[in-house]
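# Overview (structure and organization)
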Amino acid sequence: MTDHIKTDCLVIGAGPVGLFAVFELGILGLKSEVVDNLDKIGGQCAELYPDKPIYDIPGLPVCTGQSLVDNLTKQIEPFKTPIHLNQRIETLKKVGDNWEAKTSLGQTFLTPNIFIAGGVGSFEPRKPPIENVLKFEDKGVAYSIPNKEVYKDKTVAIFGGGDSALDWTVELSKIAKHIYLVHRREDFRAVEHTVSLMHKLVKDNKVTLYTNNQLADVNGSDKIANVTIKNKNGEIEILDCDDILIFHGLKNELGPINDWDLGLSDKQILVNTENFQTNHDGIFAMGDIATYPGKLKLILSGFHEAALAAQQAFKRAKPDENLLFRYSTSDKNIHERLGLKK
Ligand SMILES: Cc1cc2nc3c(=O)[nH]c(=O)nc-3n(C[C@H](O)[C@H](O)[C@H](O)COP(=O)(O)OP(=O)(O)OC[C@H]3O[C@@H](n4cnc5c(N)ncnc54)[C@H](O)[C@@H]3O)c2cc1C
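Each value, and the rule that gives it
Residues numbered from 1 in each chain as written. Predicted model: local features only at pLDDT ≥ 70, side-chain atom pairs only at ≥ 80, totals over all residues. Helix = DSSP H or I, 4+ residues; strand = E, 2+ residues; numbered from the N terminus. Buried ≥ 20, exposed ≤ 12 C-beta atoms within 10 Å, placed from the backbone. Contact = placed C-beta atoms within 7 Å. Near = placed C-beta within 6 Å. Nonpolar A, V, L, I, M, F, W, Y, C, P; charged D, E, K, R; others polar. Axes fitted to C-alpha atoms, helices over the stretch in contact; angles between N-to-C directions. Parallel < 35°, antiparallel > 145°, perpendicular 65-115°, else oblique. Left-handed = near helix turned anticlockwise from the far one by under 90°. Domains from an automatic or database assignment. Pairing = 2+ DSSP bridges.

## Some details on the overall build of the protein chain
For the protein chain, the helix and strand inventory stands at eight helices and 24 strands. Its C-alpha atoms put the protein chain at 70 × 45 × 40 Å along the principal axes. Out of the 342 residues belonging to the protein chain, those deemed buried represent 38%. Put simply, of all contacts in the protein chain between residues at least 6 apart along the chain, 61% involve residues at least 24 apart.

Below, the structure written as structure tokens:
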């Protein structure tokens with residue numbers, strides 16, 4: 001049995017909001033530990049769109065999903081916060097004024113504060129129920145793009161009609177030999193501007209579009225030779241390609257979070273907007289997983305939520321100390337905590 005790790009706050013989820021929460025806790029002098037069930041930090045930014053540009057982070061006119069994660073990681077470096085990957089928090093139990101959290105690997109934490117920054121839960125891509133799709137995973141079939149250079153000069157078949165499918169069609173058309181975009185409906189669920197860009201690429205013969213079609217099979221021996229697609233009338237067509245990208249969305253499953261007796265609304269955790277606490281003292285939720293009237297699922301909203309939750313977490317972790325509001329520009333404590341010269 002592993003010993004409890006005692007900490008001021010346990011952050012569940014190493015997405016952008018969980019990482020920034022570590023910073024907000026750190027400048028108040030609070031220690032935290034982070035757990036994420038993925039094999040890397042960064043949540044959706046790193047897993048789903050590392051190369052895509054983000055335009056609405058305050059003070060950063062443009063950054064990619066991965067560069068945002070890299071900057072957030074740099075920002076929390078001074079706190080040397082342990083990040084426990086490849087394990088998810090399975091259970092939460094009240095022990096006196098503290099919470100005991102246990103991971104799937106059996107590690108336990110004891111803390112007065114739990115920050116749930118779990119995004120859409122333990123997310124997994126939706127996979128078509130086709131045997132050969134699974135067979136060619138890691139051999140040409142992928143559900144996200146960690147490195148777009150893999151697709152340089154390749155013929156790529158992209159399946160889907162949402163933001164990811166359309167964004168990657170536009171982005172990869174700049175380096176791929178050719179793109180097939182296959183969507184099972186006529187209409188797309190993506191921003192208008194990207195849909196227009198895609199139609200322009202179709203006119204320029206850089207993209208071939210198949211609507212009302214879906215993936216029927218993947219063919220090849222050691223590597224992919226082609227894909228079979230099938231239209232609404234059951235007619236099939238074979239498309240020669242090197243790689244296949246499937247963007248059928250994520251399975252939005254809360255997993256164990258469902259069992260923690262938290263107030264839920266449409267798979268999100270209800271919080272107050274004063275300090276983003278849930279229906280349990282000491283359990284806070286922030287980022288995509290939190291909801292309240294007017295909630296916007298934006299990274300910047302999550303940053304604000306983390307900052308306010310950290311104030312309340314301080315009161316719970318250090319009930320005998322006063323927390324004075326100070327600007328980071330002039331607070332000597334913060335300078336010291338960040339390892340800056342006085
Ligand atoms: C294609 C795309 C483009 C986007 N563009 C923008 C944009 O331009 N601007 C913007 O503001 N937002 C954008 N977003 C949304 C933005 O990415 C999310 O709002 C943001 O990632 C939410 O951050 P988070 O930290 O709350 O959650 P996430 O990034 O989802 O991270 C949550 C983490 O929690 C982990 N987790 C969940 N449950 C557990 C558990 N029980 N135990 C351990 N770990 C757990 C997950 O593995 C995950 O790593 C975009 C999203 C997508 C998909």
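## Quick notes on unusual backbone geometry
Even without being glycine, Lys80 reaches a positive phi, approximately 45°. Of note, Lys80 is situated in the loop between helix H3 (65–76) and strand S6 (83–84). Under the C-beta neighbour-count criterion, Lys80 is labelled exposed, with 8 such atoms within 10 Å. Positive phi values are uncommon outside glycine, yet Lys267 reaches one of about 65°.

## Considering the site of the ligand
In the vicinity of the ligand lie 38 residues, with Gly13, Gly15, Gly43, Gly119 and Gly287 positioned nearest. Those elements that provide at least two residues to the shell around the ligand are helix H1 (16–27), helix H2 (43–47), helix H5 (163–172) and helix H7 (299–317). Its residues assigned to classes, the shell around the ligand shows 18 nonpolar, 14 polar and six charged.

## Quick look at the packing of H5 against helix H6 (residues 192–203)
Relative orientation of the contacting elements H5 and H6 amounts to 45°, with a least axis distance of 9 Å. Here H5 lies oblique to H6, going by the angle between them. Here H5 and H6 pass one another in a crossing that is left-handed. Judged by residue contacts, Leu166, Asp167, Thr169 and Val170 of H5 engage Thr194, Val195, Leu197, Met198 and Leu201 from H6. Along the lines of polarity and charge, the residues of the contact of H5 with H6 split into six nonpolar, two polar and one charged.

## Thoughts on the domain arrangement of the protein chain
A common way to report how large an interface is uses the accessible area buried once the components associate. Here the domain parsing of the protein chain yields domain 1 (4–123 + 252–337) and domain 2 (125–249). With centres defined by C-alpha atoms, the gap from domain 1 to domain 2 works out at 35 Å. With five residues of domain 1 in contact, the opposing surface of domain 2 contributes seven residues. Here the side of domain 1 that touches domain 2 is composed, by residue class, of two nonpolar, no polar and three charged.

## So, the sheet that holds strand S18 (residues 236–240)
In a beta sheet, neighbouring strands pair by backbone hydrogen bonds and run either parallel or antiparallel. Read across the open sheet, the three strands follow the order S16-S17-S18; overall the sheet is antiparallel. At either margin of the open sheet sits one strand with a lone partner, and together these are strand S16 (213–220) and S18. Ignoring which end each strand starts from, the neighbouring axes of this sheet average 25° apart. Strand direction decides the pairing type here: S16 and strand S17 (residues 224–231), joined by seven bridges, are antiparallel. Following the sheet pairing, Gly220 is matched in S17 by Ile224.

## Observations regarding the sheet that holds strand S24 (residues 290–291)
With respect to topology, three strands assemble into an open sheet ordered S21-S22-S24, the strand pairing being mixed. Only two strands of the sheet have a single partner each, and these edge strands are strand S21 (264–265) and S24. Relative to strand S22 (residues 268–270), S21 is paired through two bridges, and the arrangement is antiparallel. When the sheet's bridge partners are listed, Ser265 is paired in S22 with Gln268.

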